[in-house]
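# Structural description and commentary
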Amino acid sequence: MKRRIGCLLLAVLLLFTAVGCGKAESSRESDAGEEEKIRIGMSFDSFVIERWQRDRDVFVSVAKELGAEVNVQNANGVVEEQKKQIDYFIQKGMDVIVIIAIDPASLRESVKKAKDAGIKVLSYDRLIDDADVDLYISFDNEMVGEMMARALLAEGLAGGSVIMIGGSPTDNNVPLVEGAFKRVMTKHKVSILDSIHADNWRAEEAAAYIYNNSRKVSQADAIMCGNDDLATQAVRALAETRQAGDILVVGQDADLAACQRIVEGTQVMTVYKPVERLATRAAEEAVKLAEGEKIAGDDVTLIDSGSYKIPYIGLEPISVNRENMDEVIIGSGFHLKEDVYLNVSGQMPE
């Protein structure tokens, strides 16, 4: 009897041990599965600019389809907060960190920390210059400036005058856009009456400039705005002085309000940057970086960035005016026709 009881106890003990081992093995497999999942940290400047929300949604969706997990952080325009977010991503051992930089020059040390930790870094839309980033992907910003200039020339600006209300002076894209714009203006003898910049892309600074420089504004034939958010505030201020539609205005990003102004006649053009293409490509390349693949393709070039040569992908933007609004903006589904023509419903094309 004692031997039988002993055997029974031994059998029960072995059974529990086997079950316990099975659970431990299952747990390890689960943990390993989580570790194998690609993890991407994404730090945004802010969501003040309308388009960034589109970039975020498309990037996260595509990355998820490719088996990656994305942790999105919003720095709300505060550089120190963005540095903390990058530090957090490093501590969490992300595979890739995607950065939409507030002040690129201030993030060089953050990039170095990430690279020292073996993490890949993708500079999204704004180049973190003189830093060893693994990829810089954006639109051709010099082409953006040229498109703005040529749209104004098409409206008869040659020999006239323009005011430039640019974006954040810490955004490396701003001098690229403005440099190209100025070259075309100089070639066609257009005088630049004044040039200012809106810190952190604060759009209200465009309206403040219009209000505080009424005499100079009345002498201008055109206003070049760094983006459509600035153009919105500029046109509102011009409307209060009954100059909206008389002074030519251009912007970029194809915000809905800008597209509405174009069909209304108070803005000449905007530069449409297909953010779906940019965000999709960036997500694809981020996953490749995480998997150890080399950045390659017919559209990949190497550019000098201080002490480094880095891979660069520059997508082509599209100039949009009233003539091609339906084809480019509505045809692509970027905005709905009824929304674009909301304020001119009687003139909405069939």
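Everything that follows concerns the structure shown earlier in this document.
Residues numbered from 1 in each chain as written. Predicted model: local features only at pLDDT ≥ 70, side-chain atom pairs only at ≥ 80, totals over all residues. Heavy atoms only, no water.

Let's shift gears to the overall build of the protein. Across its full length, the protein holds 13 helices and 13 strands. For the protein, the proportion of its 350 residues judged to be buried stands at 48%. Sequence separation of at least 24 residues holds for 71% of the intrachain contacts in the protein that already meet a minimum separation of 6. In the form shown here, the protein has an accessible surface area of approximately 17000 Å², with 49% of it arising from carbon and sulfur atoms. (Helix = DSSP H or I, 4+ residues; strand = E, 2+ residues; numbered from the N terminus. Buried < 20%, exposed > 50% of the residue type's maximum accessible area, 1.4 Å probe, protein only. Contact = heavy atoms within 4.5 Å. Areas by Shrake-Rupley, 256 points an atom, 1.4 Å probe, with all protein chains shown as cover.)

For the rest of this paragraph, the subject is the environment of M164. Topologically, M164 is positioned in strand β6 (residues 161–166). For M164, a relative accessible area of 0% gives the class buried. The spacing of M164 and K182 is 18 residues in sequence and 9.6 Å in space, taken between C-alpha atoms. Setting aside residues no more than four positions away along its own chain, M164 makes contact with E178, F181, K182, I192, D194, S195, I196 and M224.

Using the criterion set out here, one finds 5 aromatic pairs in the structure. Taken together, a centroid distance of 4.9 Å and an interplanar angle of 40 degrees make the contact between F44 and F47 tilted. For the pair formed by F44 and F47, the shared burial category is buried. Aromatic pair Y136 and Y312: ring centres 5.0 Å apart, planes at 25 degrees, arrangement stacked. (Phe/Tyr/Trp six-rings, centres within 6.5 Å; stacked < 30°, edge-to-face > 60°.)

This paragraph deals with the sheet that holds strand β8 (residues 222–225). Taken together, the 6 strands give an open sheet; going across it, the order is β7-β6-β8-β9-β10-β13, and neighbouring strands pair in mixed fashion. In this open sheet, the two edge strands, each paired with only one partner strand, are β7 (191–197) and β13 (318–320). Put simply, the sheet's adjacent strands are angled 15 degrees from each other on average, direction ignored. Pairing geometry for β8 and strand β9 (residues 248–252), over 3 bridges, is parallel. Bridge pairing links I223 to V249 in β9. (Pairing = 2+ DSSP bridges. Axes fitted to C-alpha atoms, helices over the stretch in contact; angles between N-to-C directions.)

Once that is clear, we can look at the sheet that holds strand β12 (residues 308–315). Strand order in this open sheet of 7 strands is β2-β1-β3-β4-β5-β12-β11, and the pairing throughout is mixed. Looking at which strands have only one partner, the edges of the open sheet turn out to be β2 (68–74) and β11 (300–305). Here the average twist between neighbouring strands, direction ignored, is 25 degrees. Taken together, the 3 bridges between strand β4 (residues 120–124) and strand β5 (residues 135–139) define a ladder with parallel strand orientation. Bridge assignment links L122 to a residue of β5, and that residue is L135. Along the sheet face, helix α2 (residues 51–65) touches β1 (38–44), β2, β3 (96–99) and β4 and points at about 160 degrees away from the line of β2.

Our next topic: the pairing of β9. Among the 5 residues of β9, 5 are classified as buried, and the element is accordingly described as predominantly covered. Of the two faces of β9, the one carrying L248, V250 and Q252 and the one carrying V249 and G251 are both buried. Taking the sense of rotation as the criterion, the β-α-β connection linking β8, helix α9 (residues 228–240) and β9 turns out right-handed. Here β9 pairs with strand β10 (residues 269–272) via 3 bridges, running parallel. Along β10, the bridge assignment pairs Q252 with V271. Traced from β9 through helix α10 (residues 256–264) to β10, the parallel crossover comes out right-handed. (Right-handed = clockwise from strand over helix to strand, strands pointing away.)

This part is about helix α7 (residues 204–212). Of the residues making up α7, those classed as buried are A206, A207, Y209 and I210. What you see down the axis of α7 is that its buried residues fit within an arc of 155 degrees, all on one side. Structurally, α7 contributes buried residues whose contacts are with β6, β7, α8 (214–219), β8 and α9. (Arc of directions from axis to C-beta.)

The topology assignment puts I262 in helix α10. Judged by relative accessible area, which is 3%, I262 ranks as buried. Sequence separation between I262 and R322 is 60 residues, and the spatial gap between their C-alpha atoms is 5.9 Å. If sequence neighbours within four positions are ignored, I262 has contacts with Q267, V268, M269, T270, V320, N321, R322 and M325.

Turning our attention to the pattern of salt bridges. Scanning all chains against the criterion turns up 20 salt bridges. Notably, a salt bridge pairs K83 with E80, separated by 3.4 Å at the nearest N-O pair. Remark: E80 and K83 occur in helix α3 (residues 79–91); sequence separation between them is 3 residues, near one turn of the helix. For K83, a relative accessible area of 23% gives the class partly exposed. Residue classification places E80 among the partly exposed positions, given a relative accessible area of 47%. (Salt bridge = Lys/Arg side-chain N within 4 Å of Asp/Glu carboxyl O.)

These results come straight from atomic positions and should not be treated as a statement about function.
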